[in-house]
Each structure stands twice: as structure tokens, then as C-alpha cells.
Amino acid sequence: MLKDSLDIYGDDLHEECGVFGVFGVENAPNLAYYGLHALQHRGQEACGISAFDGDKLTTVKGEGLVTEVFNQQKLDKLSGHIAIGHVRYSTTGGGGAMNVQPFSFHHYTGDFALAHNGNLVNSKELAHYLEVRGSLFHSSSDSELLAHLVKKDKSEDMRINNIMEALNMLEGAFAFLIMTKNRIYACRDKHGLRPLVLGKLGEGYVISSETCALDIIGAEYVRDIEPGEVVTIDHHGIRSSRYSQYQRHLMCAMEYIYFARPDSDIEGCNVHSFRKLTGRYLYEQCPTKADVVIGVPDSSISAAIGYSEASGIPYEMGLVKNKYIARTFIQPSQEMREKGVRMKLSAVRSLVKGKSVVLIDDSIVRGTTSLRIVRLLREAGAKEIHVRIASPAITHPCFYGIDMSTREELLSARMNKEEACRKIEADSLEFLSEESLLKAGNRSELCMACFNGCYPTSLYQNKLNKE
Ligand code: SF4
């Protein structure tokens with residue numbers, strides 16, 4: 001499966017957001033810019049930065065990539081020692097300018113800004129609860145709900161107790177950053193579905209969805225924010241509070257498999273190393289004879305290397321991705337979608353012609369991308385194509401912020417492995433087991449609801465078969 005800014009297949013999974021915060025460092029907005037740049041893979045539709053310069057809260061945001069929304073002139077509007085930023089791919093609330101984060105709120109008790117990664121499953125219930133109490137919403141985003149909840153009792157300033165009470169009302173996946181003029185609160189959901197890490201930079205602190213964004217600004221990793229924890233950062237340093245005694249470590253398996261950058265560490269496990277092990281276990285699960293191992297760029301390369309190392313079959317760069325494909329807002333026609341694969345990917349004929357190929361991909365959603373890649377390799381002369389997927393079969397939709405198809409559209413929800421293999425025109429098809437996935441991360445648990453339907457929360461009004 002491929003991931004980039006141009007979803008012309010309509011078959012990609014999308015992460016919805018990344019968050020980044022800086023406290024106590026000179027020119028915090030500039031660092032937030034670099035942090036967001038490193039998190040760009042988590043959302044390409046929109047981005048923004050909010051910063052406090054003394055009492056004044058300023059937000060600059062817009063639709064587009066970080067390099068499109070910000071230039072020096074825009075960055076110069078932001079200053080101060082405290083900033084939060086956000087990159088977005090829309091899920092709940094849809095796209096559109098009004099849903100671009102961070103959200104800034106002007107309140108007589110003090111202005112504040114908020115940025116959010118994840119998805120709440122009880123947002124409709126919470127919106128109703130607040131509306132009957134007089135709240136009016138500017139956007140349809142989950143994030144605004146939290147803002148109303150923390151301010152619902154009209155207390156004089158933002159207090160940790162208000163935040164903890166509000167967080168306890170939320171159900172779902174979230175990593176929230178709340179910024180007041182002298183504080184950042186970093187909050188993670190009690191199931192630990194979305195990643196959030198704390199870093200140190202000089203005398204200041206940094207909060208990020210992924211460690212790769214710490215590295216880019218020279219910050220030192222301190223620790224992961226724990227599930228059910230709020231970390232308060234201010235001029236006294238950092239303080240930890242628990243808003244929930246319930247605590248699981250159900251990190252989204254897709255963060256490891258597909259979303260996170262390979263140079264990030266999630267809860268102590270490097271993403272590239274995790275993926276390499278999935279490739280190794282794929283081979284051990286179902287050894288296959290072939291001439292060459294090929295990974296679908298970019299996110300399947302690590303697993304392909306692992307498969308190659310375990311099997312002794314040489315790894316080759318049999319597929320090349322066009323990195324410079326332009327963003328477009330033109331809705332693609334079916335014909336364009338067909339052409340899309342040629343725009344995005346090319347097979348290296350001299351490496352695959354006459355060869356038996358093991359093709360490693362990280363996942364199959366609808367199967368349309370897999371079919372096109374198999375055809376691409378056949379047209380380049382591959383003799384046999386054995387598709388190996390470095391994750392279990394996706395059979396259920398995600399309600400925690402990962403935009404995947406409805407259940408009816410998921411290939412593996414509709415058909416068994418043999419039928420799916422025929423559908424994508426492969427010679428054989430195998431998926432990684434759930435046990436191997438846990439083993440790759442040396443973990444006892446992960447969220448794997450999209451593979452097994454075991455959702456860690458109630459789904460409220462969300463329906464398995466909803467459109
Ligand atoms: S259902 Fe799947 S995509 Fe969604 S949070 Fe769980 S593992 Fe991640």
C-alpha cells in the first residue's frame with residue numbers, strides 16, 4: 001500500500017493527524033515548524049501553529065503541506081517561548097478550513113489553543129450533552145468538544161482538575177495538546193491508542209506524536225506519555241497526573257505497520273526494526289521459494305529486507321516510486337485512477353523479468369492497489385508473484401481515527417484468503433498472524449481491532465457497516 005499526498009487509488013489508509021508542542025525554548029514557533037515538517041506523513045491536508053507571545057495568542061494555519069502553508073512571512077507572525085502545532089488528514093468533521101487545527105479559543109478567563117490526534121467514538125453524545133447546556137460549535141471537530149468540556153464550569157483559569165474531569169468523559173483514541181499562556185498540557189487516552197512522547201531541549205520541553213520530530217530539532221527523548229496521563233509543562237518543570245486508573249497499552253498496530261516513520265521509536269520499539277521482524281516472521285510462517293524479494297515502497301521496504309534476510313532470497317528494488325508526484329485537488333476519474341499507478345510506481349523490468357517474485361506489502365485494504373501492482377509486475381515479465389502481507393487481514397473498519405473503507409469495501413471482510421488471492425491475480429497470498437505481530441513488537445497487547453473486531457471501547461453510535 002502506498003502513502004503520499006495524492007490518493008488517486010482511493011485505497012490508501014490515512015492517519016489523521018500529528019501534534020507537536022514546544023515549551024520554554026526561544027523561537028518556539030520555528031521549532032514547531034520543523035517538528036511539523038517531520039510529522040508531515042501523518043497528515044497532508046492542513047496544518048497550523050499557535051503561539052503565545054506574552055498574553056497574546058496567535059494562530060497561523062491553512063490547507064496544504066507545511067511548506068505550502070508557511071513561509072518566512074507567515075512564521076514571522078508567530079513568536080514566543082511556547083507553541084503547539086498540528087498536521088491533519090481529516091476524519092471526524094471532514095475537511096475544510098474551519099476544521100484546521102490548532103483551534104484557538106478566546107475566553108474571559110484566558111485564551112488557549114488546542115490540537116488533537118485521534119478520534120472520539122462518543123463525540124455525538126458529548127456534543128448533545130454540551131448543546132443542551134448552551135454550547136455553540138464553530139467546527140465539527142472532536143477537538144472543540146474538549147475545549148467546551150474544560151470550560152464548562154466557567155472556573156477562573158484552566159485547572160488540571162477541569163482537564164482531568166473532561167478527559168474522563170472522552171472515549172476513543174486521542175493525544176491532545178492544550179496550550180495556555182504559561183503552560184502546555186499533554187494528554188493521552190487511557191487505552192494508549194495514539195503515540196505521544198516527551199522530549200527535552202535545553203531548559204525547555206518538546207511534545208511530539210513521534211520521536212522522529214524530536215531528532216530533527218535536536219531534542220532528547222525523555223519518555224512516552226503514559227495512557228491515561230496528563231503531563232503539565234510550565235516554568236516549574238513537568239508534573240504528571242493520572243485522570244484514569246484504567247490503563248492499557250493498546251497502541252494502534254497500524255502505527256508500527258504503516259503510519260509511523262521508520263526512524264521513530266514507539267513505546268521503546270523502533271519502527272524499522274519492528275517491520276523487519278514482521279518480514280522475518282512472514283517467511284518463518286510460510287517459507288516460499290523465489291528468485292527475488294521486492295517491497296512496495298516506502299512502508300514495506302523494511303519488512304521486505306527482513307524477509308530477504310530470513311530467507312536468503314536477494315532483496316531487489318523491483319518497484320520504484322515517483323517521489324515528485326504533484327498534489328492535485330482534481331477528483332480522479334476511474335481512467336485517471338488506472339493511470340495513477342503508472343504515475344506513482346514503476347516496475348524495474350530488468351530485475352523482475354522471468355523471475356519468481358515475493359512481493360511484500362504492509363496491508364491490503366480494498367485490494368485495488370494490490371491488483372494493480374501485481375499486474376504491473378506481470379507486465380514487466382515476472383513469472384510468478386507470491387504476495388506476502390506483513391500484517392493480518394483487515395476485516396473490520398477503524399473508529400479510532402484511521403480512515404479506511406467501510407466493512408463492505410474491505411477485501412478480506414468480503415472473501416477468504418483463496419478468493420482474495422484470485423481477486424488480486426497473485427500466485428499465492430499469505431498474511432502475518434496476530435501472534436507474530438505481537439512478537440515483532442515484543443508486546444503482550446496492541447489494538448488489532450481492524451484485524452479481529454475486538455474493539456477496546458464501546459462503539460456508541462458508530463456502526464460496523466455504516467457508510
Ligand atoms: S482498529 Fe486498527 S487502525 Fe484502528 S486503532 Fe486499532 S489497530 Fe489501529
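These numbers were taken from a predicted model, which means no experiment stands behind them.

K.L.:
Go over the nonpolar core with me, naming the residues and quoting the values.
P.N.:
In globular proteins that are soluble, nonpolar side chains generally tend to be buried together. In terms of nonpolar packing, the biggest core is built from 142 residues, with Ala32, Ile84, Leu114, Leu177, Ile184 and Ala186 touching the most fellow members. It is strand 7 (residues 172-180) that contributes the most residues to this core, seven residues altogether. Counting contributing residues, this core receives three or more from each of domain 1 (17-248) and domain 2 (270-452). Excluding its chain neighbours within four sequence positions, the residues that come into contact with isoleucine 184 are Gly21, Phe23, Ile82, Ile84, Leu177, Met179, Ile207 and Ile233.

K.L.:
Lay out the sheet that holds strand 10 (residues 204-208) in plain terms, naming residues and giving numbers.
P.N.:
Pairing is antiparallel across the open sheet formed by seven strands, whose spatial order is 3-2-4-1-10-9-11. Either end of the sheet is taken by a strand with one partner, and the two such strands are strand 3 (56-63) and strand 11 (220-224). Pairs of neighbouring strands in the sheet enclose a mean axial angle of 15°, with direction left out of account. Relative to strand 10, strand 1 (residues 17-23) runs antiparallel, the two being bridged by four bridges. The residue bridging valine 22 from the neighbouring strand is valine 206, located in strand 10. Sheet strands touched by helix 1 (residues 28-38): strand 1, strand 2 (46-53), strand 4 (82-88) and strand 10. Its angle to strand 4, the strand with the most contacts, is close to 25°.

K.L.:
Give a detailed account of the environment of isoleucine 233, specifying residues and quantitative values.
P.N.:
Mapped onto the elements of the fold, isoleucine 233 is located in strand 12 (residues 229-234). Every residue in contact with isoleucine 233, bar those within four places of it in the chain, is listed here: Phe23, Arg183, Ile184, Tyr205 and Ile238.

K.L.:
With reference to specific residues and values, describe the pairing of strand 8 (residues 183-188).
P.N.:
With five of its six residues buried, strand 8 lies for the most part within the structure. The turn joining strand 7 and strand 8, which pair antiparallel and follow one another in sequence, is formed by two residues. Sheet analysis places strand 8 next to strand 12, joined by four bridges and oriented antiparallel. Bridge assignment links isoleucine 184 to a residue of strand 12, and that residue is isoleucine 233.

K.L.:
Got a sec to walk through the sheet that holds strand 5 (residues 103-105)? Specific residues and values, please.
P.N.:
Reading across from one edge, 5-6-7-8-12-13 is the order of the six strands in this open sheet, with antiparallel pairing throughout. Each having just a single partner strand, strand 5 and strand 13 (237-242) make up the two edges of the open sheet. The average angle at which neighbouring strand axes cross in this sheet is 20°, direction not considered. Packing of helix 6 (residues 160-169) onto the sheet brings it into contact with strand 7, strand 8, strand 12 and strand 13, and relative to strand 12 it is tilted by some 150°.

K.L.:
Provide a residue-level description of the site of the ligand, including the pertinent values.
P.N.:
Surveying the vicinity of the ligand reveals the residues Ala173, Leu193, Cys252, Ala253, Met254, Cys398, Tyr400, Ile402, Cys447, Met448, Ala449 and Cys450. For the shell around the ligand, the residue count by class is twelve nonpolar, no polar and no charged.

The rules behind the values
Residues numbered from 1 in each chain as written. Predicted model: local features only at pLDDT ≥ 70, side-chain atom pairs only at ≥ 80, totals over all residues. Core = buried A, V, L, I, M, F, W, Y, C linked by C-beta atoms within 7 Å. Buried ≥ 20, exposed ≤ 12 C-beta atoms within 10 Å, placed from the backbone. Helix = DSSP H or I, 4+ residues; strand = E, 2+ residues; numbered from the N terminus. Domains from an automatic or database assignment. Contact = placed C-beta atoms within 7 Å. Pairing = 2+ DSSP bridges. Axes fitted to C-alpha atoms, helices over the stretch in contact; angles between N-to-C directions. Near = placed C-beta within 6 Å. Nonpolar A, V, L, I, M, F, W, Y, C, P; charged D, E, K, R; others polar.

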